[in-house]
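# Working through the structure, step by step
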Amino acid sequence: MRLTLRTTEREVAAAAAERVAEVLAADAAAVLGLPTGRTPMRLYRLLARLGDEGALDFGRATTFNLDEFLGIGPDHPGSYHAYMRQHLFAHVNLPSARAHLLRGDAADPERECERYETDIEAAGGIDLQLLGIGANGHIGFNEPGPCLCARTHRAMLRPSTRRANALFFGGNAEAVPQEALSMGMGTILKARRIVLMATGKSKARAVARIVSGPLTTRLPASFLQLHRHVELICDRAAAALISDE
Ligand code: GLP
């Protein structure tokens, strides 16, 4: 696992943008896996700017988002569809037919999960999977628990995760859906390259446990230890508890 330490959130976003640029420079038709949440917002602003300046071209790229809330449609302001339109898709030349997200309003959620796995495979798999991390170590909506799911699945959200997502629902955690659809751990680990961004002191414990803790379903992100091409990009606050041993 490669650890990249930066001082500020802004520098974390800049380092992640460089990785996206590298991947698109190597293959303009690359497949990117995208996260939501507060952490990637700066990254998306940077990518939009690079797109404007003509330094990045999404014209042949494909994207797959990690997850979506269950029971709400793409036009719901709290949906990750809305988030992606607002923060990235409205600002770059990515063809909408190649911007893939799970449908939270699918009539048959299990079938929707299968469709997503098939679509990822049909696109040739994910070249670069970008990730954020929950304070409890979740990635996508793979929450800590006695077991983890390999494939895209329907997930129950922890109260702390619903609180952390309240921002997208007018600050009201009760309005955050109780369930979501999420890529599974196997879906994520199949990506050829993974970059996890962590910023702020609320992520410090989880980050330290990824780096030196045991592999455990109680910290889903610890499974990244199994991947051969993972980079953790952290700001100073998120890296504060990593020990030097
Ligand atoms: C949500 C998303 C995750 C994200 C996490 C952290 O639960 N499903 O993909 O990594 O939030 O969000 P933030 O970046 O806002 O701390």
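Nothing here was measured: the structure is a model prediction, and the numbers come from that model.

### Quick word on the pairing of strand β3 (residues 62-65)
Side chains of β3 alternate between two faces, with Thr-62 and Phe-64 and Thr-63 and Asn-65 buried alike. Pairing of strand β2 (residues 31-34) with β3 involves four bridges; the strand directions are parallel. Each residue of the ladder has a partner; that of Leu-34, found in β3, is Asn-65. Taken together, β2, helix α2 (residues 41-52) and β3 constitute a β-α-β crossover, and its handedness is right-handed. Judged from the two bridges that link them, β3 and strand β5 (residues 99-100) form a sheet pairing that is parallel. If you follow Phe-64 over to β5, its bridge partner there is His-100.

### Examining the environment of Ala-29
Structurally, Ala-29 can be placed in the loop between α1 (9-26) and β2. With relative accessibility at 29%, the residue Ala-29 sits in the partly exposed group. Excluding anything up to four places from it in sequence, Ala-29 contacts Arg-60 and Ala-61.

### Side note on the site of the ligand
Arg-38, Thr-39, Asp-67, His-138 and Lys-203 are the nearest of the 15 residues found near the ligand. A distance of 3.3 Å separates an oxygen atom of the ligand from a polar backbone atom of Ile-133. The separation between an oxygen atom of the ligand and a polar side-chain atom of His-138 is 2.8 Å. For the ligand, whose free accessible area comes to 390 Å², the fraction covered by protein is 93%.

### Some remarks on the sheet that holds strand β7 (residues 153-156)
Pairing is antiparallel across the open sheet formed by three strands, whose spatial order is β4-β8-β7. Strands at the two margins of the open sheet, each flanked by one partner only, are β4 (67-69) and β7. This sheet shows a mean twist of 30° between the axes of neighbouring strands, independent of strand direction. Strand direction decides the pairing type here: β7 and strand β8 (residues 179-182), joined by four bridges, are antiparallel. Note on β8: the bridge partner recorded for Met-156 is Glu-179. The strands that helix α4 (residues 109-122) touches are β7 and β8; relative to β7, the one it contacts most, it runs at about 125°.

Rules used throughout
- Residues numbered from 1 in each chain as written.
- Predicted model: local features only at pLDDT ≥ 70, side-chain atom pairs only at ≥ 80, totals over all residues.
- Heavy atoms only, no water.
- Buried < 20%, exposed > 50% of the residue type's maximum accessible area, 1.4 Å probe, protein only.
- Helix = DSSP H or I, 4+ residues; strand = E, 2+ residues; numbered from the N terminus.
- Pairing = 2+ DSSP bridges.
- Right-handed = clockwise from strand over helix to strand, strands pointing away.
- Contact = heavy atoms within 4.5 Å.
- Near = heavy atom within 4 Å.
- Polar contact = N/O pair within 3.5 Å; in protein donor to acceptor, adjacent residues only side chain to side chain.
- Areas by Shrake-Rupley, 256 points an atom, 1.4 Å probe, with all protein chains shown as cover.
- Axes fitted to C-alpha atoms, helices over the stretch in contact; angles between N-to-C directions.

Geometric descriptors of this kind do not, in isolation, establish any biological role.
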